Amino acid sequence: MKNNDIRNMALMHGVKLWQIAERLEITDSYFSRMLRKELPSEKKEQIQNIIIEIVKERDLNTTES
């Protein structure tokens, strides 16, 4: 399977692929199709940063409650 690093990072952090797609401003189905082929390192880095942002925002929201 392609882009296992992205898939595993999202899974480990409890981030759904649709959440990443939303940040990229694309549909979740298109994002899933993108993941079928190995992404360039620049795109992977962008997606990894999005995952980190989502986790930070989620953690911030849970500590505020």
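Everything that follows concerns the structure shown earlier in this document.
Residues numbered from 1 in each chain as written. Predicted model: local features only at pLDDT ≥ 70, side-chain atom pairs only at ≥ 80, totals over all residues. Heavy atoms only, no water.

### Considering the nonpolar core
Step number 1: Val15, Ile20, Leu24, Phe31, Ile47 and Ile51 are the most contacted members of the largest nonpolar core, which has 16 residues in total.
Step number 2: Listing elements by their share of this core, those giving two or more residues are helix H1 (4-12), helix H2 (17-24), helix H3 (28-34) and helix H4 (41-64).
Step number 3: A per-element tally of this core places H4 first, with five residues.
Step number 4: Sequence-distant contacts of Ile20, that is, excluding residues within four places in its chain, are made with Ala10, Val15, Phe31, Ile47, Ile50, Ile51 and Ile54. (Core = buried A, V, L, I, M, F, W, Y, C linked by side-chain atoms within 4.5 Å. Buried < 20%, exposed > 50% of the residue type's maximum accessible area, 1.4 Å probe, protein only. Helix = DSSP H or I, 4+ residues; strand = E, 2+ residues; numbered from the N terminus. Contact = heavy atoms within 4.5 Å.)

### A short note on unusual backbone geometry
Step number 1: If you check the backbone angles, Asn3 has positive phi at about 55° while not being a glycine.
Step number 2: When you line up the elements, Asn3 lands in the segment before H1.
Step number 3: Asn3 gets classed as buried once you look at its relative accessible area, which sits at 1%.
Step number 4: Located in the positive-phi region is Glu25, a residue other than glycine, with phi close to 60°.

### Topic: the environment of Met1
Step number 1: Tracing the backbone through its elements, the reader meets Met1 in the segment before H1.
Step number 2: Of the residues examined, Met1 reaches a relative accessible area of 74% and is grouped as exposed.

### Quick notes on H1
Step number 1: All of the buried residues along H1 are Ile6, Met9 and Ala10. Seen end-on, H1 carries its buried residues on one side only, within an arc spanning 95°. Facing away from the buried surface of H1 by more than 90 degrees, the exposed residues are Leu11 and Met12.
Step number 2: One or two residues past the end of H1 sits Gly14, with phi positive at roughly 70°. (Arc of directions from axis to C-beta.)

### Some details on the pattern of salt bridges
Step number 1: Summed over all chains, the structure comprises four salt bridges.
Step number 2: Here the salt bridges share partners, and the residues they tie into one network are Asp5, Glu38 and Lys44. (Salt bridge = Lys/Arg side-chain N within 4 Å of Asp/Glu carboxyl O.)

### Description of the environment of Phe31
Step number 1: Relative to the elements of secondary structure, Phe31 occurs in helix H3.
Step number 2: Between the C-alpha atom of Phe31 and that of Ile20, which follows or precedes it by 11 residues, the distance is 8.3 Å.
Step number 3: Setting aside chain neighbours within four positions, we find Phe31 in contact with Leu17, Ile20, Ala21, Leu24, Ile26 and Ile47.

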